[in-house]
Amino acid sequence: MEKISIEKINEVYVKVHSEKNVAYELNDYFTFRVPGFQFMPAYRNKIWDGNIRLFSITNGHIYSGLLPYIEKYAKDSDWKIEYTNFPPACLEGRTVSDIHSYVKNLNLPFEIRDYQMNAVEYGIIYQRCLIVSPTASGKSLIIYCILRFLLDFIQEKVLIIVPTTSLVEQLYSDFIDYSKQNDWNTEEYCHRIYAGHAKETDKRVIISTWQSVYRLQKKFFEPFGAVFGDEAHFFKAKSLTTLMTKLTNCAYRFGSTGTLDGTETHQLVLEGLFGSVYRATTTKELMEQKHISTLDIECIVLQYADEIKKEVIKCKYAEELDFLVGYKKRNEFITDLSLNLKGNTLILYNYVEKHGRPLNDMMKTKLENTKRKVFFVYGGTATEAREHIRFVAEKEKDAIIIASYGTFSTGINIRNLHNIIFASPFKSKIRNLQSIGRGLRLGDEKTKAKLFDISDNLSWKQKKNYTINHFLSRVETYNNESFDYIIRNINI
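So, here is what we can say about the structure in this document. (Residues numbered from 1 in each chain as written. Predicted model: local features only at pLDDT ≥ 70, side-chain atom pairs only at ≥ 80, totals over all residues. Heavy atoms only, no water.)

**Some words on the overall build of the protein chain**
Note the following rule: Segments assigned H or I by DSSP are reported as helices when at least four residues long, segments assigned E as strands when at least two residues long, and all are numbered from the N terminus. Based on C-alpha atoms, the radius of gyration is set beside the globule rule, defined as 2.2 Å times the residue count to the power 0.38. Think of it in three bands: residues with accessible area under 20% of the maximum for their type are buried, residues over 50% are exposed, and the middle band is partly exposed, with areas taken using a 1.4 Å probe on protein chains only. Surface accessibility in these figures is a Shrake-Rupley result with a 1.4 Å probe; residues are shielded only by whichever protein chains are displayed.
For the protein chain, the count of helices and strands is 21 helices and 20 strands. Whereas a compact globule of 492 residues would reach a radius of gyration of roughly 23 Å, the protein chain reaches 24 Å, a difference of no more than 12%. Each of the three principal axes of the protein chain carries a C-alpha extent, and together these read 70 × 55 × 45 Å. With 492 residues in all, the protein chain has 56% of them scored as buried. Roughly 22800 Å² of accessible area belongs to the protein chain as shown, and the carbon and sulfur atoms make up 48% of that amount.

Rendered as C-alpha coordinates:
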(Lines give C-alpha, C1' and ligand atoms only; values in the text may rest on other atoms or scores of the structure.)
Protein backbone atom coordinates (compact mmCIF):
# COMPACT_ATOMS: atom_id res chain seq x y z
CA MET A 1 0.00 0.00 0.00
CA GLU A 2 1.30 3.45 -0.98
CA LYS A 3 1.45 6.08 1.76
CA ILE A 4 1.27 9.84 1.38
CA SER A 5 1.62 12.61 3.92
CA ILE A 6 -0.32 15.86 3.50
CA GLU A 7 1.17 18.89 5.22
CA LYS A 8 -0.61 22.21 5.61
CA ILE A 9 1.69 24.97 4.31
CA ASN A 10 -0.68 27.91 4.82
CA GLU A 11 -4.32 28.75 4.06
CA VAL A 12 -3.66 28.60 0.31
CA TYR A 13 -1.60 25.44 -0.19
CA VAL A 14 -1.07 21.97 1.18
CA LYS A 15 2.00 19.90 0.34
CA VAL A 16 1.84 16.25 -0.63
CA HIS A 17 4.85 14.20 0.48
CA SER A 18 5.04 10.99 -1.54
CA GLU A 19 7.17 8.73 -3.68
CA LYS A 20 7.92 9.96 -7.19
CA ASN A 21 5.54 7.53 -8.88
CA VAL A 22 2.65 8.82 -6.74
CA ALA A 23 3.58 12.42 -7.50
CA TYR A 24 3.47 11.66 -11.22
CA GLU A 25 0.03 10.09 -10.85
CA LEU A 26 -1.28 13.17 -9.03
CA ASN A 27 0.29 15.42 -11.63
CA ASP A 28 -1.59 13.56 -14.39
CA TYR A 29 -4.83 13.59 -12.39
CA PHE A 30 -4.74 17.38 -11.85
CA THR A 31 -3.64 18.37 -15.38
CA PHE A 32 -6.28 19.74 -17.75
CA ARG A 33 -6.50 21.19 -21.23
CA VAL A 34 -7.79 24.77 -21.33
CA PRO A 35 -10.80 25.12 -23.67
CA GLY A 36 -9.76 26.97 -26.82
CA PHE A 37 -6.04 26.60 -25.98
CA GLN A 38 -5.16 26.16 -29.65
CA PHE A 39 -6.26 29.73 -30.40
CA MET A 40 -4.23 31.37 -27.61
CA PRO A 41 -1.04 33.29 -28.50
CA ALA A 42 1.09 31.54 -25.86
CA TYR A 43 0.24 28.16 -27.37
CA ARG A 44 0.71 29.33 -30.94
CA ASN A 45 4.09 30.82 -30.03
CA LYS A 46 5.07 27.49 -28.39
CA ILE A 47 5.57 29.15 -24.98
CA TRP A 48 2.84 27.04 -23.35
CA ASP A 49 1.47 23.56 -24.04
CA GLY A 50 -2.22 24.43 -23.41
CA ASN A 51 -2.45 22.66 -20.04
CA ILE A 52 -3.26 23.87 -16.54
CA ARG A 53 -1.43 21.92 -13.84
CA LEU A 54 -2.98 22.28 -10.40
CA PHE A 55 -0.43 20.00 -8.70
CA SER A 56 3.25 20.99 -8.68
CA ILE A 57 5.41 17.94 -9.19
CA THR A 58 8.41 20.10 -8.25
CA ASN A 59 7.40 20.98 -4.67
CA GLY A 60 4.23 18.90 -4.11
CA HIS A 61 2.05 22.00 -3.59
CA ILE A 62 -1.65 22.09 -4.48
CA TYR A 63 -4.53 24.40 -3.53
CA SER A 64 -5.97 23.54 -0.10
CA GLY A 65 -9.49 23.53 -1.48
CA LEU A 66 -8.67 20.50 -3.61
CA LEU A 67 -7.90 18.32 -0.59
CA PRO A 68 -11.22 16.40 -0.96
CA TYR A 69 -10.19 15.41 -4.51
CA ILE A 70 -6.83 14.13 -3.25
CA GLU A 71 -8.58 12.17 -0.51
CA LYS A 72 -10.99 10.59 -3.00
CA TYR A 73 -8.18 9.69 -5.39
CA ALA A 74 -6.19 8.19 -2.52
CA LYS A 75 -9.18 6.14 -1.40
CA ASP A 76 -9.82 4.87 -4.93
CA SER A 77 -6.11 4.02 -5.26
CA ASP A 78 -5.96 2.35 -1.83
CA TRP A 79 -3.39 4.84 -0.50
CA LYS A 80 -2.97 5.60 3.17
CA ILE A 81 -2.96 9.31 4.17
CA GLU A 82 -1.29 10.96 7.14
CA TYR A 83 -1.92 14.61 8.04
CA THR A 84 0.55 17.05 9.58
CA ASN A 85 0.26 20.66 10.72
CA PHE A 86 -3.55 20.86 10.58
CA PRO A 87 -4.54 22.86 13.71
CA PRO A 88 -8.22 22.89 14.76
CA ALA A 89 -10.20 25.91 13.52
CA CYS A 90 -11.80 28.25 16.01
CA LEU A 91 -15.31 27.66 14.65
CA GLU A 92 -15.17 23.90 15.13
CA GLY A 93 -17.90 22.68 17.43
CA ARG A 94 -20.46 25.27 16.35
CA THR A 95 -23.76 23.50 15.81
CA VAL A 96 -26.67 24.09 13.47
CA SER A 97 -28.68 25.16 16.50
CA ASP A 98 -26.04 27.78 17.38
CA ILE A 99 -26.16 29.17 13.85
CA HIS A 100 -29.98 29.26 13.75
CA SER A 101 -30.10 31.14 17.03
CA TYR A 102 -27.46 33.60 15.87
CA VAL A 103 -29.25 34.39 12.59
CA LYS A 104 -32.58 34.76 14.39
CA ASN A 105 -31.00 37.29 16.76
CA LEU A 106 -29.86 39.38 13.77
CA ASN A 107 -33.49 40.52 13.59
CA LEU A 108 -33.48 40.67 9.79
CA PRO A 109 -36.18 42.83 8.15
CA PHE A 110 -37.64 39.72 6.47
CA GLU A 111 -37.61 35.98 7.04
CA ILE A 112 -34.58 34.16 5.73
CA ARG A 113 -35.47 31.39 3.27
CA ASP A 114 -34.68 27.76 4.01
CA TYR A 115 -32.09 27.35 1.23
CA GLN A 116 -30.37 30.57 2.38
CA MET A 117 -30.18 29.30 5.96
CA ASN A 118 -28.84 25.96 4.72
CA ALA A 119 -26.10 27.77 2.79
CA VAL A 120 -25.19 29.85 5.86
CA GLU A 121 -24.98 26.68 7.96
CA TYR A 122 -22.82 24.89 5.40
CA GLY A 123 -20.46 27.83 5.03
CA ILE A 124 -19.91 28.30 8.75
CA ILE A 125 -19.56 24.61 9.58
CA TYR A 126 -17.18 23.79 6.70
CA GLN A 127 -15.42 27.19 6.75
CA ARG A 128 -14.78 27.06 2.99
CA CYS A 129 -17.17 26.65 0.11
CA LEU A 130 -18.17 27.82 -3.33
CA ILE A 131 -21.88 28.63 -3.10
CA VAL A 132 -23.66 28.22 -6.42
CA SER A 133 -27.04 29.90 -6.31
CA PRO A 134 -28.82 31.64 -9.21
CA THR A 135 -29.33 35.35 -9.62
CA ALA A 136 -32.11 36.79 -7.44
CA SER A 137 -31.72 33.99 -4.88
CA GLY A 138 -30.33 36.39 -2.26
CA LYS A 139 -26.60 35.62 -2.21
CA SER A 140 -25.87 38.97 -0.55
CA LEU A 141 -28.00 37.97 2.45
CA ILE A 142 -26.07 34.70 2.74
CA ILE A 143 -22.82 36.69 2.71
CA TYR A 144 -24.18 39.11 5.33
CA CYS A 145 -25.20 36.35 7.77
CA ILE A 146 -21.88 34.48 7.49
CA LEU A 147 -19.99 37.78 7.79
CA ARG A 148 -21.81 38.81 10.95
CA PHE A 149 -21.16 35.40 12.53
CA LEU A 150 -17.45 35.55 11.67
CA LEU A 151 -16.98 39.04 13.06
CA ASP A 152 -18.16 37.84 16.45
CA PHE A 153 -15.91 34.77 16.52
CA ILE A 154 -12.65 35.77 14.84
CA GLN A 155 -10.32 38.70 15.50
CA GLU A 156 -9.00 39.29 11.97
CA LYS A 157 -10.35 41.55 9.23
CA VAL A 158 -12.65 40.39 6.44
CA LEU A 159 -12.17 41.12 2.72
CA ILE A 160 -15.11 41.04 0.30
CA ILE A 161 -14.14 41.14 -3.38
CA VAL A 162 -16.58 42.01 -6.17
CA PRO A 163 -16.00 42.60 -9.91
CA THR A 164 -17.43 46.14 -10.34
CA THR A 165 -17.74 49.43 -8.49
CA SER A 166 -21.53 49.21 -8.81
CA LEU A 167 -21.49 45.95 -6.87
CA VAL A 168 -19.37 47.53 -4.13
CA GLU A 169 -22.06 50.15 -3.61
CA GLN A 170 -24.91 47.68 -4.01
CA LEU A 171 -23.52 45.25 -1.43
CA TYR A 172 -22.85 48.13 0.99
CA SER A 173 -26.44 49.31 0.48
CA ASP A 174 -27.78 45.78 1.03
CA PHE A 175 -25.89 45.54 4.34
CA ILE A 176 -27.54 48.79 5.46
CA ASP A 177 -30.97 47.35 4.60
CA TYR A 178 -30.28 44.08 6.44
CA SER A 179 -29.13 45.98 9.55
CA LYS A 180 -32.09 48.34 9.89
CA GLN A 181 -33.61 46.40 12.77
CA ASN A 182 -30.42 45.66 14.71
CA ASP A 183 -27.63 47.77 16.14
CA TRP A 184 -24.96 46.93 13.53
CA ASN A 185 -23.66 50.10 11.91
CA THR A 186 -22.54 49.36 8.32
CA GLU A 187 -20.66 52.65 8.03
CA GLU A 188 -18.75 51.96 11.24
CA TYR A 189 -17.66 48.45 10.20
CA CYS A 190 -17.36 48.58 6.39
CA HIS A 191 -14.89 50.44 4.19
CA ARG A 192 -15.26 50.59 0.39
CA ILE A 193 -12.32 50.53 -1.99
CA TYR A 194 -12.34 51.49 -5.64
CA ALA A 195 -10.91 54.38 -7.67
CA GLY A 196 -10.60 57.47 -5.51
CA HIS A 197 -11.03 55.66 -2.17
CA ALA A 198 -8.25 55.16 0.38
CA LYS A 199 -6.85 51.65 0.67
CA GLU A 200 -5.84 51.93 4.33
CA THR A 201 -8.50 51.71 7.05
CA ASP A 202 -9.01 50.51 10.61
CA LYS A 203 -12.47 49.17 9.78
CA ARG A 204 -12.83 45.41 10.03
CA VAL A 205 -14.63 44.81 6.72
CA ILE A 206 -13.34 45.93 3.32
CA ILE A 207 -15.57 45.72 0.25
CA SER A 208 -13.43 46.18 -2.84
CA THR A 209 -13.25 45.59 -6.56
CA TRP A 210 -10.51 43.11 -7.41
CA GLN A 211 -8.94 45.66 -9.75
CA SER A 212 -8.29 48.00 -6.80
CA VAL A 213 -6.26 45.58 -4.69
CA TYR A 214 -4.80 42.69 -6.69
CA ARG A 215 -1.52 44.50 -7.39
CA LEU A 216 -0.95 45.43 -3.75
CA GLN A 217 1.93 43.92 -1.82
CA LYS A 218 1.35 40.80 0.28
CA LYS A 219 1.61 42.90 3.46
CA PHE A 220 -1.80 44.46 2.67
CA PHE A 221 -3.44 41.03 2.82
CA GLU A 222 -1.85 39.78 6.05
CA PRO A 223 -4.54 41.13 8.47
CA PHE A 224 -7.37 39.25 6.74
CA GLY A 225 -8.69 36.05 8.26
CA ALA A 226 -11.68 35.65 5.94
CA VAL A 227 -12.43 36.42 2.31
CA PHE A 228 -15.64 36.46 0.27
CA GLY A 229 -15.50 36.38 -3.53
CA ASP A 230 -18.87 37.53 -4.85
CA GLU A 231 -19.63 36.65 -8.50
CA ALA A 232 -16.74 34.19 -8.18
CA HIS A 233 -16.95 32.99 -11.80
CA PHE A 234 -14.71 35.96 -12.60
CA PHE A 235 -11.98 34.46 -10.42
CA LYS A 236 -10.51 32.33 -13.20
CA ALA A 237 -8.46 35.33 -14.39
CA LYS A 238 -4.75 35.19 -13.61
CA SER A 239 -4.88 38.46 -11.68
CA LEU A 240 -7.58 37.11 -9.38
CA THR A 241 -5.82 33.84 -8.63
CA THR A 242 -2.76 35.93 -7.85
CA LEU A 243 -4.84 37.96 -5.40
CA MET A 244 -6.29 34.89 -3.71
CA THR A 245 -2.90 33.25 -3.26
CA LYS A 246 -1.67 36.33 -1.37
CA LEU A 247 -4.31 35.66 1.32
CA THR A 248 -2.16 33.09 3.12
CA ASN A 249 -3.77 33.79 6.52
CA CYS A 250 -7.39 33.47 5.34
CA ALA A 251 -8.78 30.31 6.91
CA TYR A 252 -12.37 31.24 6.00
CA ARG A 253 -13.05 31.39 2.26
CA PHE A 254 -16.42 31.78 0.61
CA GLY A 255 -17.10 32.13 -3.09
CA SER A 256 -20.54 32.81 -4.49
CA THR A 257 -21.77 32.68 -8.06
CA GLY A 258 -24.93 32.20 -10.05
CA THR A 259 -23.32 29.72 -12.42
CA LEU A 260 -20.12 27.98 -13.40
CA ASP A 261 -19.04 27.87 -17.03
CA GLY A 262 -19.27 24.10 -17.29
CA THR A 263 -15.56 23.37 -17.73
CA GLU A 264 -13.87 21.11 -15.21
CA THR A 265 -10.75 23.27 -15.14
CA HIS A 266 -12.70 26.37 -14.18
CA GLN A 267 -14.57 24.65 -11.35
CA LEU A 268 -11.44 23.01 -9.94
CA VAL A 269 -9.53 26.31 -9.87
CA LEU A 270 -12.40 27.97 -8.00
CA GLU A 271 -12.78 25.05 -5.61
CA GLY A 272 -9.04 25.14 -5.01
CA LEU A 273 -9.23 28.81 -4.06
CA PHE A 274 -12.46 28.70 -2.04
CA GLY A 275 -13.61 25.16 -1.26
CA SER A 276 -16.05 22.53 -2.44
CA VAL A 277 -19.14 23.47 -4.45
CA TYR A 278 -22.38 23.85 -2.50
CA ARG A 279 -25.50 24.19 -4.67
CA ALA A 280 -28.06 26.19 -2.73
CA THR A 281 -31.02 26.13 -5.13
CA THR A 282 -31.92 26.40 -8.82
CA THR A 283 -33.73 28.95 -10.96
CA LYS A 284 -36.53 26.47 -11.63
CA GLU A 285 -37.05 25.87 -7.89
CA LEU A 286 -37.13 29.62 -7.23
CA MET A 287 -39.78 30.08 -9.92
CA GLU A 288 -41.87 27.21 -8.58
CA GLN A 289 -41.68 28.72 -5.08
CA LYS A 290 -42.59 32.15 -6.54
CA HIS A 291 -39.45 33.77 -5.16
CA ILE A 292 -38.58 35.14 -8.63
CA SER A 293 -40.42 36.08 -11.80
CA THR A 294 -41.41 33.50 -14.34
CA LEU A 295 -39.52 33.85 -17.62
CA ASP A 296 -40.64 33.72 -21.25
CA ILE A 297 -37.92 33.63 -23.90
CA GLU A 298 -38.56 34.69 -27.48
CA CYS A 299 -35.67 33.79 -29.74
CA ILE A 300 -35.75 36.03 -32.81
CA VAL A 301 -33.64 34.73 -35.70
CA LEU A 302 -33.09 37.51 -38.23
CA GLN A 303 -32.99 36.20 -41.80
CA TYR A 304 -30.87 38.08 -44.34
CA ALA A 305 -30.99 38.36 -48.13
CA ASP A 306 -28.92 35.87 -50.09
CA GLU A 307 -26.56 38.53 -51.46
CA ILE A 308 -25.68 39.58 -47.91
CA LYS A 309 -25.20 35.98 -46.77
CA LYS A 310 -22.84 35.23 -49.69
CA GLU A 311 -20.58 38.10 -48.64
CA VAL A 312 -20.68 37.79 -44.85
CA ILE A 313 -20.05 34.02 -44.83
CA LYS A 314 -16.56 34.81 -46.16
CA CYS A 315 -15.83 37.04 -43.17
CA LYS A 316 -13.72 36.26 -40.15
CA TYR A 317 -15.38 36.34 -36.74
CA ALA A 318 -14.49 39.97 -35.92
CA GLU A 319 -15.64 41.10 -39.37
CA GLU A 320 -18.99 39.36 -38.94
CA LEU A 321 -19.49 41.14 -35.60
CA ASP A 322 -18.58 44.49 -37.15
CA PHE A 323 -21.16 43.95 -39.87
CA LEU A 324 -23.93 43.00 -37.43
CA VAL A 325 -23.49 45.83 -34.92
CA GLY A 326 -23.16 48.38 -37.72
CA TYR A 327 -26.06 47.19 -39.87
CA LYS A 328 -28.65 49.98 -39.77
CA LYS A 329 -31.71 47.80 -40.42
CA ARG A 330 -30.73 45.52 -37.53
CA ASN A 331 -30.35 48.45 -35.14
CA GLU A 332 -33.67 49.89 -36.30
CA PHE A 333 -35.32 46.53 -35.60
CA ILE A 334 -33.89 46.49 -32.04
CA THR A 335 -35.00 50.08 -31.46
CA ASP A 336 -38.52 49.52 -32.76
CA LEU A 337 -38.86 46.30 -30.77
CA SER A 338 -37.93 48.04 -27.50
CA LEU A 339 -40.28 50.98 -28.18
CA ASN A 340 -43.21 48.61 -28.65
CA LEU A 341 -42.67 46.71 -25.39
CA LYS A 342 -44.61 47.48 -22.23
CA GLY A 343 -42.69 48.08 -19.00
CA ASN A 344 -39.04 48.83 -18.31
CA THR A 345 -36.61 47.41 -20.88
CA LEU A 346 -32.89 46.63 -20.65
CA ILE A 347 -30.94 46.46 -23.94
CA LEU A 348 -27.56 44.76 -23.53
CA TYR A 349 -24.77 45.39 -26.03
CA ASN A 350 -21.05 44.59 -26.38
CA TYR A 351 -19.28 47.52 -28.07
CA VAL A 352 -19.72 51.07 -26.79
CA GLU A 353 -18.74 53.15 -29.82
CA LYS A 354 -19.69 50.66 -32.54
CA HIS A 355 -23.06 49.66 -31.12
CA GLY A 356 -24.11 51.23 -27.81
CA ARG A 357 -23.88 54.86 -28.87
CA PRO A 358 -25.59 54.33 -32.27
CA LEU A 359 -28.48 52.53 -30.51
CA ASN A 360 -28.71 55.33 -27.95
CA ASP A 361 -28.69 58.04 -30.63
CA MET A 362 -31.31 56.20 -32.69
CA MET A 363 -33.51 55.72 -29.61
CA LYS A 364 -33.29 59.37 -28.53
CA THR A 365 -34.16 60.56 -32.04
CA LYS A 366 -37.31 58.43 -32.07
CA LEU A 367 -38.30 59.62 -28.57
CA GLU A 368 -37.36 63.24 -29.12
CA ASN A 369 -40.86 64.59 -28.52
CA THR A 370 -41.86 62.22 -25.71
CA LYS A 371 -41.26 62.06 -21.97
CA ARG A 372 -40.07 58.46 -22.03
CA LYS A 373 -36.69 58.13 -20.30
CA VAL A 374 -33.65 56.56 -21.93
CA PHE A 375 -30.46 55.79 -19.99
CA PHE A 376 -27.11 54.97 -21.57
CA VAL A 377 -24.58 53.05 -19.46
CA TYR A 378 -21.05 51.92 -20.26
CA GLY A 379 -17.75 51.37 -18.45
CA GLY A 380 -17.06 55.11 -18.32
CA THR A 381 -20.33 55.87 -16.54
CA ALA A 382 -19.54 56.97 -12.97
CA THR A 383 -20.56 54.59 -10.19
CA GLU A 384 -22.81 57.24 -8.64
CA ALA A 385 -24.56 57.73 -11.99
CA ARG A 386 -25.13 53.97 -12.37
CA GLU A 387 -26.64 53.83 -8.87
CA HIS A 388 -28.87 56.79 -9.74
CA ILE A 389 -30.04 55.07 -12.93
CA ARG A 390 -30.77 51.90 -10.98
CA PHE A 391 -32.76 53.90 -8.42
CA VAL A 392 -34.73 55.85 -11.05
CA ALA A 393 -35.48 52.67 -13.04
CA GLU A 394 -37.11 51.16 -9.95
CA LYS A 395 -39.63 54.04 -9.99
CA GLU A 396 -40.31 54.14 -13.73
CA LYS A 397 -42.84 52.12 -15.73
CA ASP A 398 -41.54 52.43 -19.30
CA ALA A 399 -37.86 53.40 -19.10
CA ILE A 400 -35.26 52.06 -21.53
CA ILE A 401 -31.73 51.27 -20.32
CA ILE A 402 -29.09 50.73 -23.00
CA ALA A 403 -26.20 49.15 -21.11
CA SER A 404 -23.02 47.24 -21.86
CA TYR A 405 -22.86 43.61 -20.78
CA GLY A 406 -19.87 44.47 -18.59
CA THR A 407 -21.78 47.02 -16.52
CA PHE A 408 -25.28 45.56 -16.21
CA SER A 409 -25.15 41.84 -17.04
CA THR A 410 -23.74 40.80 -13.65
CA GLY A 411 -25.00 41.39 -10.15
CA ILE A 412 -26.99 44.60 -10.66
CA ASN A 413 -30.40 44.49 -8.96
CA ILE A 414 -33.34 46.10 -10.75
CA ARG A 415 -36.56 44.65 -9.39
CA ASN A 416 -38.83 46.56 -11.74
CA LEU A 417 -37.39 45.24 -15.00
CA HIS A 418 -39.85 43.64 -17.42
CA ASN A 419 -37.93 43.05 -20.64
CA ILE A 420 -34.36 42.20 -21.64
CA ILE A 421 -33.03 42.36 -25.19
CA PHE A 422 -29.77 40.63 -26.16
CA ALA A 423 -28.64 43.08 -28.84
CA SER A 424 -25.11 41.73 -29.36
CA PRO A 425 -24.08 38.15 -30.17
CA PHE A 426 -22.22 36.09 -27.56
CA LYS A 427 -21.68 32.47 -26.56
CA SER A 428 -20.74 32.48 -22.86
CA LYS A 429 -23.02 30.39 -20.65
CA ILE A 430 -22.12 32.57 -17.65
CA ARG A 431 -22.96 35.81 -19.44
CA ASN A 432 -26.20 34.27 -20.69
CA LEU A 433 -27.48 33.21 -17.27
CA GLN A 434 -26.19 36.32 -15.49
CA SER A 435 -27.89 38.57 -18.04
CA ILE A 436 -31.17 36.67 -17.74
CA GLY A 437 -30.94 37.16 -13.99
CA ARG A 438 -31.37 40.93 -14.41
CA GLY A 439 -35.03 40.35 -15.17
CA LEU A 440 -35.93 37.69 -12.63
CA ARG A 441 -36.36 39.79 -9.51
CA LEU A 442 -39.94 40.31 -8.38
CA GLY A 443 -41.28 43.88 -8.43
CA ASP A 444 -44.25 45.46 -6.71
CA GLU A 445 -46.41 44.89 -9.79
CA LYS A 446 -44.23 42.42 -11.68
CA THR A 447 -44.31 38.62 -11.66
CA LYS A 448 -43.21 37.85 -15.23
CA ALA A 449 -40.15 38.76 -17.28
CA LYS A 450 -39.52 38.41 -21.00
CA LEU A 451 -36.23 37.90 -22.80
CA PHE A 452 -35.73 38.67 -26.49
CA ASP A 453 -32.70 36.77 -27.74
CA ILE A 454 -31.74 38.25 -31.10
CA SER A 455 -29.60 36.15 -33.42
CA ASP A 456 -28.62 36.36 -37.07
CA ASN A 457 -28.79 33.65 -39.70
CA LEU A 458 -26.10 34.49 -42.22
CA SER A 459 -25.41 30.88 -43.13
CA TRP A 460 -24.88 30.00 -46.77
CA LYS A 461 -25.37 26.50 -48.17
CA GLN A 462 -23.75 24.06 -45.71
CA LYS A 463 -21.66 26.63 -43.85
CA LYS A 464 -23.04 28.20 -40.67
CA ASN A 465 -21.95 31.69 -39.68
CA TYR A 466 -20.17 32.20 -36.35
CA THR A 467 -22.93 33.93 -34.40
CA ILE A 468 -25.67 31.46 -35.34
CA ASN A 469 -23.52 28.81 -33.66
CA HIS A 470 -23.39 31.06 -30.59
CA PHE A 471 -27.18 31.19 -30.65
CA LEU A 472 -27.37 27.39 -30.75
CA SER A 473 -25.15 27.30 -27.65
CA ARG A 474 -27.56 29.65 -25.86
CA VAL A 475 -30.50 27.43 -26.82
CA GLU A 476 -28.64 24.48 -25.31
CA THR A 477 -28.38 26.48 -22.06
CA TYR A 478 -32.13 27.20 -22.14
CA ASN A 479 -32.80 23.49 -22.54
CA ASN A 480 -30.45 22.57 -19.69
CA GLU A 481 -32.10 25.13 -17.40
CA SER A 482 -35.64 24.01 -18.39
CA PHE A 483 -36.55 27.50 -19.61
CA ASP A 484 -39.59 27.93 -21.85
CA TYR A 485 -38.74 29.46 -25.23
CA ILE A 486 -40.07 29.90 -28.74
CA ILE A 487 -38.12 30.60 -31.95
CA ARG A 488 -39.35 33.12 -34.51
CA ASN A 489 -37.78 33.78 -37.92
CA ILE A 490 -38.03 37.37 -39.18
CA ASN A 491 -36.80 38.66 -42.53
CA ILE A 492 -34.73 41.81 -42.32
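**Comments concerning the sheet that holds strand β1 (residues 3–8)**
Going by this rule: Here, any two strands with at least 2 DSSP bridges between them count as paired. Inter-axis angles, ranging from 0 to 180 degrees, are taken between N-to-C directions of lines fitted to C-alpha atoms, where helices are fitted over the stretch in contact.
Read across the sheet, 4 strands follow the order β5-β2-β1-β6 without closing on themselves; strand pairing throughout is mixed. The open sheet has two edge strands, β5 (61–63) and β6 (80–84), and neither has a second partner. In this sheet, neighbouring strand axes are inclined to one another by 30 degrees on average, regardless of whether the strands run parallel or antiparallel. Relative to strand β2 (residues 13–17), β1 runs antiparallel, the two being bridged by 4 bridges. Bridged to Lys8 within β2 is Val14.

**Comments concerning the sheet that holds strand β12 (residues 252–257)**
Here is the rule: Note on definitions: a residue-residue contact is assigned when non-hydrogen atoms from the two residues lie within 4.5 Å.
Strand order in the open sheet formed by 7 strands is β9-β10-β8-β11-β12-β7-β13, with parallel pairing between adjacent strands. Of all the strands in the sheet, just β9 (190–193) and β13 (277–279) have a single pairing partner and so form its edges. Recorded for the sheet is a direction-independent mean angle of 20 degrees between the axes of neighbouring strands. Judged from the 5 bridges that link them, strand β7 (residues 128–132) and β12 form a sheet pairing that is parallel. By the bridge assignment, Arg128 is partnered in β12 with Arg253. Relative to strand β11 (residues 224–230), helix α6 (residues 139–153) is tilted by about 175 degrees, and along the sheet it contacts β7, β8 (157–162), β10 (205–209), β11 and β12.

**Focus on the environment of Tyr115**
Our working definition: Counting of polar contacts relies on pairs of N or O atoms within 3.5 Å, with two restrictions inside protein: one atom must be capable of donating a hydrogen and the other of accepting it, and residues adjacent in sequence are counted only when both atoms are side-chain atoms.
Along the polypeptide, Tyr115 turns up in helix α5 (residues 114–126). Residues Tyr115 and Phe149, spaced 34 residues apart in sequence, show a C-alpha to C-alpha distance of 18 Å. Once residues lying within four places of it in the same chain are set aside, the contact partners of Tyr115 are Ser133, Ser137, Ala280, Thr281, Leu286 and His291. From its side chain, Tyr115 meets the backbone oxygen of Ser137 in a polar contact 2.7 Å long.

**With respect to a nonpolar patch on the surface**
Rules: Each patch is assembled from residues with relative accessible area greater than 30% and no salt bridge, linking like charges that lie within 9 Å and nonpolar side chains (Val, Leu, Ile, Met, Phe, Trp, Tyr) that lie within 5 Å. Take a side-chain nitrogen of Lys or Arg and a carboxyl oxygen of Asp or Glu: if they are within 4 Å of each other, that pair is a salt bridge.
A cluster of nonpolar side chains, Val96, Ile125 and Tyr126, forms an exposed patch at the surface whose accessible area comes to about 280 Å². In this fold, Tyr126 is placed in helix α5.

**Some remarks on the pattern of salt bridges**
Two side chains with opposite charge may pair up if their charged atoms get near one another. The tally for this structure, following the rule as stated, stands at 17 salt bridges. In this structure, Asp322 engages Lys354 in a salt bridge whose closest nitrogen and oxygen atoms are separated by 2.8 Å. One end of the pair, Asp322, is in helix α15 (residues 317–326); the other, Lys354, is in helix α17 (residues 352–366), with 32 residues separating them in the sequence. On the basis of relative accessibility, which here comes to 37%, the residue Asp322 falls in the partly exposed class. Across the pair Asp453 and Arg474 runs a salt bridge whose closest N-O atoms are separated by 2.7 Å. Placement of Asp453 in strand β19 (residues 448–457) and of Arg474 in helix α21 (residues 466–480) is noted, with a sequence separation of 21 residues between them. Given the relative accessible area of 1%, Arg474 is considered buried. Here the salt bridges do not stand alone but share partners, grouping Lys8, Glu11 and Arg128 into one network.

**Examining the packing of aromatic side chains**
Put simply, the rule reads: Stacked, tilted and edge-to-face pairs are distinguished by plane angle, under 30 degrees for stacked and over 60 for edge-to-face with tilted covering the rest, among Phe, Tyr and Trp rings (Trp via its six-membered ring) whose centres lie within 6.5 Å. Note on geometry: a ring has a charge over it if NZ (lysine) or CZ (arginine) is within 6 Å of the ring centre and within 35 degrees of the ring normal.
Within the structure shown, the criterion is met by 31 aromatic pairs. Ring geometry for Tyr405 versus Phe426: centroids 5.1 Å apart, planes at 70 degrees, classification edge-to-face. Within this pair, whereas Tyr405 is found in helix α19 (residues 405–408), its partner Phe426 is found in the loop between β18 (419–422) and α20 (429–437), the two being separated by 21 residues in sequence. We classify Tyr405 as buried; its relative accessible area is 1%. Phe426 gets classed as buried once you look at its relative accessible area, which sits at 5%. Ring-pair connections join several aromatic residues into one group, and the members of that group are Phe110, Tyr144, Phe175, Tyr178, Trp184 and Tyr189. Across the ring face of Phe426, the terminal group of Arg474 is positioned such that the distance to the ring centre comes to 5.2 Å.

**What about unusual backbone geometry?**
Its identity as a non-glycine residue notwithstanding, Lys461 has a phi of 55 degrees, on the positive side. By secondary structure assignment, the location of Lys461 is in the loop between β19 and α21. For Ser482, which is not a glycine, the phi torsion comes out positive at approximately 60 degrees. For Ser482, the position within the fold is in the loop between α21 and β20 (484–491). Taking relative accessible area as the criterion, Ser482 reaches 44% and is therefore assigned partly exposed.

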